[in-house]
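Read off the chains here:
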Amino acid sequence: MTHLTPKENLLRLLYGEIPEWVPSYSYYGPHPGVEEDPPNMSVMNSVLMGNRTRGRMPPDGFKDIWGVPFESVEAVGGFPLPKPGHFILKDIREWRDVIKAPDVSDVDWEKVAKGDLEKIAYSRDNVALFYGPGGGYFQQLMAFMGFNEGLCALYEEPEEVKELFDYLHSFYYNIAVKYIEYINPDVLSLGDDTASERAPFVSPEMLREIFLPYYDDFARLARNRGIPINFHNCGKSGVFFNDLTRIGVSSWEPVQLSNDILEIQKKFGRSLVIGGGWEGRGRLLSADVTDDEIRESVRVAIDTYAPNGGFMFAGAFTPGSTSDDRTTHMNEVLQTEVYEYGHSFYKH
């Protein structure tokens, strides 16, 4: 019998201890096939979200608070991407004429925070509250300009990029300082997708020079409160964690298999929690994959990465459409096995 709540177990992991069982990081809520509350839930700042909602996006798309149009992409289960060919910033030197922060001077942040917390239908005794203050500046630049122009801007006009980021950061940071006092999060969750599956989009030197000071400013909010810092970064981004751990980052998700996970664990030990170690790839994507093969893939991931602690499962099959019953079933098999095998793992 376990005696920790899902929240207590996850926080034990994030503070560098071996948990009572292997947690399964939650992106949107309860795991399919698992009745237990998810170990974590992110509070969404409704002012920054604009007309978006948690999880899948409306099929007719939306615009973010900066005016970037996003569209729902059926092939990846309805997740949103910036609308191709509709980027709002053509020349980084013209950002002052194009990028305008919304006026939030009259916002009652205490009221907003209370309303946002009420949308989370879980007990805070059981579920760790993650707060992401925004500030994924690499992703935001690419959303403004597209990858071709955005990457060129980083290399050709770094000072203009920094001035744009100063402007964005002033907006996001000032909101975070107000909002965080009212929601009292258990974990600060930063993030910026600065890598593809094969390689980073920028060098460690560029990340250190251009992006890290902004991440560090947010991280200071967590360090001052004594709470863990999570970092979301897809792709082969392990090269950045020498710097990210120095500003206090203690967990990373989703850690994809293109990273040398065992070497990273050897280097950082339990001071950097690995959230991942599993992907729906290869045989797992075959039309005739069996439930037993899915279960075995879970056991392999946990057996490989969890023995010394510092590991939380973070992964799911991506639906091929918004009405993909087959993938729904596969995810139920996956998460049920994570729960059952993960809860017994440290008792072996």
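The present account deals with the structure reproduced in this document. (Residues numbered from 1 in each chain as written. Predicted model: local features only at pLDDT ≥ 70, side-chain atom pairs only at ≥ 80, totals over all residues. Heavy atoms only, no water.)

1. Things to note about the pairing of strand β7 (residues 229-232)
Where we set the bar: Here a strand pair is declared whenever DSSP counts at least two bridges between the two strands. Put simply, DSSP marks the helices as runs of H or I at least four residues long and the strands as runs of E at least two long, and each gets a number from the N terminus on. Here the term right-handed applies to a crossover when the path leading from its first strand over the helix to its second strand runs clockwise, the strands being oriented away from the viewer.
Note: strand β6 (residues 187-191) against β7, four bridges, orientation parallel. If you follow Leu190 over to β7, its bridge partner there is Phe231. Handedness of the crossover joining β6 and β7 through helix α7 (residues 204-225): right-handed. Following the chain from β7 across helix α8 (residues 241-246) to the adjacent parallel strand β8 (residues 249-255), one finds a crossover that is right-handed.

2. Quick look at the pairing of strand β9 (residues 273-276)
Examined bridge by bridge, β8 and β9 share three bridges and lie parallel to one another. The residue of β9 that forms the bridge with Trp252 is Ile274. On the question of chirality, the crossover connecting β8 to the parallel β9 by way of helix α9 (residues 261-268) is right-handed. Pairing analysis gives two bridges linking β9 to strand β10 (residues 311-312), with the strands arranged parallel. In the strand pairing of β10, Ile274 is matched with Phe311. Read as a crossover between parallel neighbours, the route from β9 over helix α10 (residues 291-305) to β10 is right-handed.

3. What to know about the packing of aromatic side chains
What counts here: Stacked, edge-to-face and tilted are the three classes for Phe, Tyr and Trp ring pairs, Trp counted by its six-membered ring, which pair at centre distances within 6.5 Å; planes under 30 degrees apart are stacked, over 60 edge-to-face, the rest tilted. Relative accessible area decides the class of each residue, using a 1.4 Å probe on protein chains only: under 20% of the type maximum gives buried, over 50% gives exposed, and in between gives partly exposed.
Considering all chains together, one arrives at 29 aromatic pairs under this definition. Ring geometry for Tyr137 against Tyr214: centres 5.3 Å apart, planes inclined by 70°, an arrangement best described as edge-to-face. Separated by 77 residues along the polypeptide, Tyr137 in helix α5 (residues 137-156) and Tyr214 in helix α7 bring together distant segments of the chain. As far as burial versus exposure is concerned, Tyr137 and Tyr214 are alike and both buried.

4. Thoughts on the sheet that holds strand β1 (residues 40-43)
Sheet strands line up and pair through hydrogen bonds in the backbone, either parallel or antiparallel. Taken in spatial order, the seven strands of this open sheet run β1-β5-β6-β7-β8-β9-β10, and their pairing is parallel. Unpaired on one side and paired on the other, β1 and β10 mark the two borders of the sheet.

5. Describing the pattern of salt bridges
For the record, the criterion: Take a side-chain nitrogen of Lys or Arg and a carboxyl oxygen of Asp or Glu: if they are within 4 Å of each other, that pair is a salt bridge.
Counting across every chain of the model gives 21 salt bridges. The shortest N-O distance in the salt bridge between Arg246 and Asp243 comes to 3.0 Å. Taken together, the residues span about one helical turn, with Arg246 and Asp243 both in helix α8 at a distance of three residues. A relative accessible area of 5% means that Asp243 is categorised as buried. Of the charged contacts, one joins Arg299 and Glu337 as a salt bridge, the two residues approaching to 2.9 Å between their closest N and O atoms. Taken as a pair, Arg299 in helix α10 and Glu337 in helix α11 (residues 325-345) lie far apart in primary sequence, 38 residues in all. Here the salt bridges share partners, and the residues they tie into one network are Asp216, Asp217, Arg220 and Arg223.

6. Side note on the environment of Asn233
Note the cut-off: In this analysis, two residues are considered to be in contact whenever any of their non-hydrogen atoms come within 4.5 Å of each other. In protein, a polar contact means a hydrogen-donor-capable atom and an acceptor-capable atom, both N or O and within 3.5 Å, with residues adjacent in sequence counting only if both atoms are side-chain atoms; elsewhere, any N or O pair within 3.5 Å suffices.
Here Asn233 shows up in the loop between β7 and α8. The sequence separation of Asn233 and Val187 amounts to 46 residues, and the corresponding C-alpha distance is 16 Å. Setting aside residues no more than four positions away along its own chain, Asn233 makes contact with Asp192, Asp193, Thr194, Ala195, Phe240, Trp252, Glu253 and Pro254. Here the side chain of Asn233 touches Thr194 through a polar contact of 2.9 Å, side chain to side chain.

7. Notes on the packing of helix α4 (residues 109-118) against helix α6 (residues 158-183)
Just so we agree on the cut-off: Axis definition: a line fitted to C-alpha atoms, over the contacting stretch in the case of helices. Angles run 0 to 180 degrees between N-to-C directions. The labels follow the angle: roughly parallel below 35 degrees, roughly antiparallel above 145, roughly perpendicular from 65 to 115, and oblique for the rest. Take the far helix as your reference; a near helix turned counterclockwise from it by less than a right angle gives a left-handed crossing, and one turned clockwise gives a right-handed crossing.
One way to put it is that α4 packs onto α6 with a least axis distance of 9 Å and a crossing angle of 55°. For the element pair α4 / α6, the angle class is oblique. The chirality of how α4 crosses α6 is right-handed. For the pair formed by α4 and α6, the contact residues are Trp109, Glu110, Val112, Ala113, Asp116 and Leu117 on the first element and Ile175, Lys178, Tyr179, Tyr182 and Ile183 on the second.

8. Looking at the packing of α10 against α11
The cut-off we apply is this: Residues are grouped as follows: Ala, Val, Leu, Ile, Met, Phe, Trp, Tyr, Cys and Pro are nonpolar; Asp, Glu, Lys and Arg are charged; every other residue, Gly included, is polar.
The interhelical angle for the contact between α10 and α11, taken along N-to-C directions, is 40°, at an axis separation of 9 Å. In terms of orientation, α10 and α11 fall into the oblique class. In the crossing of α10 with α11, the sense of the turn from one axis to the other is right-handed. Of the residues in α11, those in contact with Asp291, Ile294, Arg295, Val298, Arg299, Ile302 and Asp303 of α10 are His329, Met330, Val333, Leu334, Glu337, Val338, Tyr341, Gly342 and Phe345. Residues that form the contact of α10 with α11 fall into these classes: nine nonpolar, two polar and five charged.

9. Observations regarding the sheet that holds strand β2 (residues 62-63)
Ordered by their spatial adjacency, three strands build an open sheet running β2-β3-β4, and the pairing between neighbours is antiparallel. Because the sheet does not close on itself, it has two edges, and the strands there are β2 and β4 (79-82). As judged from the four bridges shared by strand β3 (residues 69-73) and β4, these two strands associate in the antiparallel manner. Within the sheet, the bridge partner assigned to Glu71 lies in β4 and is Leu81.

10. Observations concerning the nonpolar core
What counts here: For the purposes of this section, nonpolar cores are sets of buried Ala, Val, Leu, Ile, Met, Phe, Trp, Tyr and Cys residues that join through side-chain atoms within 4.5 Å.
Grouped together as the largest cluster of nonpolar side chains are 88 residues, with contacts concentrated most on Leu154, Phe165 and Phe211. Counting residues per element, this core draws most heavily on α6, which supplies twelve residues. The contacts of Phe165, once residues within four sequence positions are left out, are Tyr137, Leu141, Ile210, Phe211 and Tyr214. In terms of nonpolar packing, the next biggest core, distinct from the first, is built from eleven residues, Leu11, Tyr25, Ala128 and Met312 among them.

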